[in-house]
Amino acid sequence: MNPKTHTEFFVNPSRLNYSLDLYKLSKNDLIKLLNSDRKRNVLTLEKLNKILNREESVNKSFLNKFARIFGTGLTWLLSKRELPERKTSSIFFRKDSFNSYLNLESKKRIAYYEELKSELEILCKQIDFKPKMVFGDYKLSDNPENAAKDLRKKFDDAEKQLFNKKYISKANSDRDYLINLIRVLEHFNLFVFEFTDRNRKPEKIIKFDGFFMLPHIIVLKRQQKYIRREIWTLLHEFAHYLLKIEEIDENTEITNSGAHVEKWCNHFTYSFLINGFEREFSGLIYASKGNNYYKSEIGELYKKTHLSEFALYTRLKTENKISESDYNQIKEEITENIRKKEEKEKIKTREKEKIKPEEKKSSSMQLGKDVFIAGPKEIRSKLFEEIIKINFFKGNMDENQLRQYLGIKPEQDIDNEIY
């Protein structure tokens, strides 16, 4: 065989068009993506049209580039297998707009969880597990405050049960509280997935904070510094679950306007988290310079609840208890205080991580590699893990699939991870 011979392939046009529609890309957008990092353009509009008409083939380099950009397998574009019906396959085909600007990385992350949802449905069916809605039907005409109070009682009862069974521990921090909330939601048949956005380039940072997908999946972006924002997002997406309305959200914690659905979800979330301290908040008449914008009172409520200062002041704005200009000023102050706190923490972290050259060399020699400081661990869905394990024990998947789903490394003993 001539080593200079390159294998060429004809792509499946329906799959290429599906990708364009899914990610809301024009043909020119796709051309720019595929031509990036190249000294000269190798794909033109004329060439792309010929590829779509199956008049021209593509090489492996084209497939590799496409797979890297969209996170697909190398042969995904070539497959003749029918794609699922559009409305069932993606939230992007079920809704026209969202409460968050979505760049390509955001859309890819959502597409990943939609694919996982499809796999999860099969896994549940294989073990005859049917996650049922246990809270009844809620509508926008229902009072969100009453709904929050009723469900708070159910959550508290479930939390006690899980604590007595030693399934959860006492919450000593906001992070602990978030974990316990997730475990309670799992108790009620919801799947909650948390992920860490490791992108550093501004154009690649994932924009949304969380989203809800029918029928029972909530996805959260880990908030390393703003745990209360993640708590708020979790409950906000849970409110979407109650209403059976899908959404992709960004920073709902400081949003005091928007559609009726968002107002309902935010009112529900506030009412759930203010738990027991409604009177203290309702006693705040009007925040102004004269009463120092209730900073002392808001500080006390911050300590007693899992509401952030952002959320508390946004609630004041929602109830017309602070002017627009004062509200914006307070938001800027809070943002600046957070920035200064983060800067101090970064300095402390850098000081802790400083290692003398000889110590670093010694450590590297002992470990056989450079010193590595592990990043924060994501909260894993125990409900999802349990379903994977049951499928494995029933022979519905092999060891490689089990390791892939649960993130078990080849060098790790599988028995230690699943028992």
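Quick caveat: nothing in here was measured; it's all calculated off a predicted structure.

Participant: Any details on the nonpolar core? Residues and values, ideally.
Facilitator: Grouped together as the largest cluster of nonpolar side chains are 57 residues, with contacts concentrated most on Phe-238 and Phe-268. The element that contributes the greatest number of residues to this core is helix 10 (residues 227-243), accounting for ten residues. When residues no more than four places from it in sequence are discounted, the contact partners of Phe-238 are Phe-135, Leu-151, Phe-155, Leu-185, Leu-190, Ile-218 and Phe-268. Among the nonpolar cores identified, the runner-up in size contains 54 residues, and Ile-31, Val-58, Phe-191 and Leu-402 belong to it.

Participant: I'd like to hear about the pattern of salt bridges, residue by residue, with values.
Facilitator: A full pass over the atoms with the stated rule returns 24 salt bridges. The salt bridge partner of Glu-300 is Lys-303, with a shortest N-O separation of 3.6 Å. Of this pair, Glu-300 and Lys-303 both sit in helix 13 (residues 295-304), separated by three residues, roughly a single helical turn. Through salt bridges that share partners, Arg-175, Glu-194, Arg-222 and Glu-230 make up one connected network.

Participant: Can you tell me about the pairing of strand 5 (residues 217-221), naming the residues and giving the values?
Facilitator: The buried fraction of strand 5 is high, at five of five residues. Judged by which residues are buried, strand 5 turns out to be covered on both faces: Ile-217, Val-219 and Lys-221 on one side and Ile-218 and Leu-220 on the other are all buried. As paired strands, strand 3 (residues 191-195) and strand 5 are joined by five bridges and run parallel to one another. Directly across from Val-192, in strand 5, lies its bridge partner Ile-218. Pairing of strand 4 (residues 210-213) with strand 5, which is carried by four bridges, proceeds in the antiparallel orientation. Directly across from Phe-211, in strand 5, lies its bridge partner Val-219. Linking strand 4 to strand 5, which pair antiparallel, is a turn of three residues.

Participant: Requested: an account of the sheet that holds strand 5, with residues and values cited.
Facilitator: Here we have four strands laid out as an open sheet, ordered 3-5-4-6, and mixed in their pairing. Of all the strands in the sheet, just strand 3 and strand 6 (247-249) have a single pairing partner and so form its edges. Sheet twist, expressed as the mean angle between neighbouring strand axes with direction ignored, is 10 degrees. Across the sheet, helix 9 (residues 174-187) touches strand 3 and strand 5, and the angle it forms with strand 3 is around 145 degrees.

Participant: Tell me about unusual backbone geometry, and name the residues and values.
Facilitator: Look at the link from Leu-214 to Pro-215: it is a cis peptide, with omega at 0 degrees. Phi angles above zero are rare outside glycine, and Lys-244 is one such case at about 60 degrees. The topology assignment puts Lys-244 in the loop between helix 10 and strand 6. Look at Lys-244 and you get partly exposed, because its relative accessible area is 39%. In the Ramachandran plot, Tyr-294 falls in the positive-phi region, its phi being about 55 degrees despite a non-glycine side chain.

Participant: Describe the packing of aromatic side chains, naming the residues involved and giving the relevant values.
Facilitator: Tallied over the entire structure, the rule returns 27 aromatic pairs. Aromatic side chains Phe-66 and Phe-70 sit 4.6 Å apart centroid to centroid with 40 degrees between the ring planes, which places their arrangement in the tilted category. Of this pair, Phe-66 and Phe-70 both sit in helix 4 (residues 60-70), separated by four residues, roughly a single helical turn. Across the pair, Phe-70 and Phe-66 agree in class, each one buried. Grouping aromatic residues by their ring pairs yields a cluster made of Phe-135, Phe-155, Phe-188, Phe-212, Phe-238, Tyr-241, Trp-264, Phe-268 and Phe-272. The side chain of Arg-228 reaches across the aromatic face of Tyr-302, ending 3.7 Å from its centre. One cation-aromatic arrangement involves Lys-382 over Tyr-167; the distance from NZ or CZ to the ring centre is 4.9 Å.

Participant: Go over helix 13, please, and point to the residues and values.
Facilitator: Every buried residue of helix 13 is listed here: Ile-298, Gly-299 and Leu-301. Buried residues of helix 13, seen end-on, are gathered within an arc of 165 degrees and therefore sit on one face of the element. Opposite the buried face of helix 13, at more than 90 degrees from it, the exposed residues are Ser-296 and Lys-303. Where the residues of helix 13 are buried, they touch helix 12 (278-282) and helix 14 (309-318).

Participant: Go over the environment of Glu-250 with me, naming the residues and quoting the values.
Facilitator: Tracing the backbone through its elements, the reader meets Glu-250 in the loop between strand 6 and helix 11 (260-273). Residues Glu-250 and Asp-209 lie 41 residues apart in sequence; the distance between their C-alpha atoms is 4.9 Å. Residues in contact with Glu-250, not counting those within four places in the same chain, are Asn-99, Ser-100, Tyr-101, Lys-207, Phe-208 and Asp-209. Engagement of the side chain of Glu-250 in a polar contact is seen with the side chain of Ser-100, the distance being 3.3 Å.

Participant: Which residues make up the confidence of the model for the protein, and what values go with them?
Facilitator: Chain-level statistics for the protein give a pLDDT mean of 88 and a share of 90% at 70 or above. This stretch, residues 360-374, has a pLDDT under 50; its non-local contacts, to residues over four places away or in other chains, come to nine contacts.

Participant: So what about the environment of Phe-195? Which residues, and what values?
Facilitator: By the secondary structure assignment, Phe-195 is in strand 3. The buried category is assigned to Phe-195, whose relative accessible area is 1%. Measuring from C-alpha to C-alpha, the distance between Phe-195 and Ala-311 comes to 23 Å, with 116 residues separating the pair along the chain. Residues in contact with Phe-195, not counting those within four places in the same chain, are Arg-109, Tyr-113, Ile-206, Phe-208, Val-219, Leu-220, Lys-221, Arg-222 and Glu-378.

Participant: Before we move on, could you go through the environment of Glu-300 and cite the residues and values that matter?
Facilitator: Judged by relative accessible area, which is 35%, Glu-300 ranks as partly exposed. Once the C-alpha coordinates of Glu-300 and Leu-30 are considered, the two residues, 270 residues apart in sequence, prove to be 52 Å apart.

About the criteria used
Residues numbered from 1 in each chain as written. Predicted model: local features only at pLDDT ≥ 70, side-chain atom pairs only at ≥ 80, totals over all residues. Heavy atoms only, no water. Core = buried A, V, L, I, M, F, W, Y, C linked by side-chain atoms within 4.5 Å. Buried < 20%, exposed > 50% of the residue type's maximum accessible area, 1.4 Å probe, protein only. Helix = DSSP H or I, 4+ residues; strand = E, 2+ residues; numbered from the N terminus. Contact = heavy atoms within 4.5 Å. Salt bridge = Lys/Arg side-chain N within 4 Å of Asp/Glu carboxyl O. Pairing = 2+ DSSP bridges. Axes fitted to C-alpha atoms, helices over the stretch in contact; angles between N-to-C directions. Phe/Tyr/Trp six-rings, centres within 6.5 Å; stacked < 30°, edge-to-face > 60°. Lys NZ or Arg CZ within 6 Å of the ring centre and 35° of its normal. Arc of directions from axis to C-beta. Polar contact = N/O pair within 3.5 Å; in protein donor to acceptor, adjacent residues only side chain to side chain. pLDDT = per-residue confidence, 0-100.

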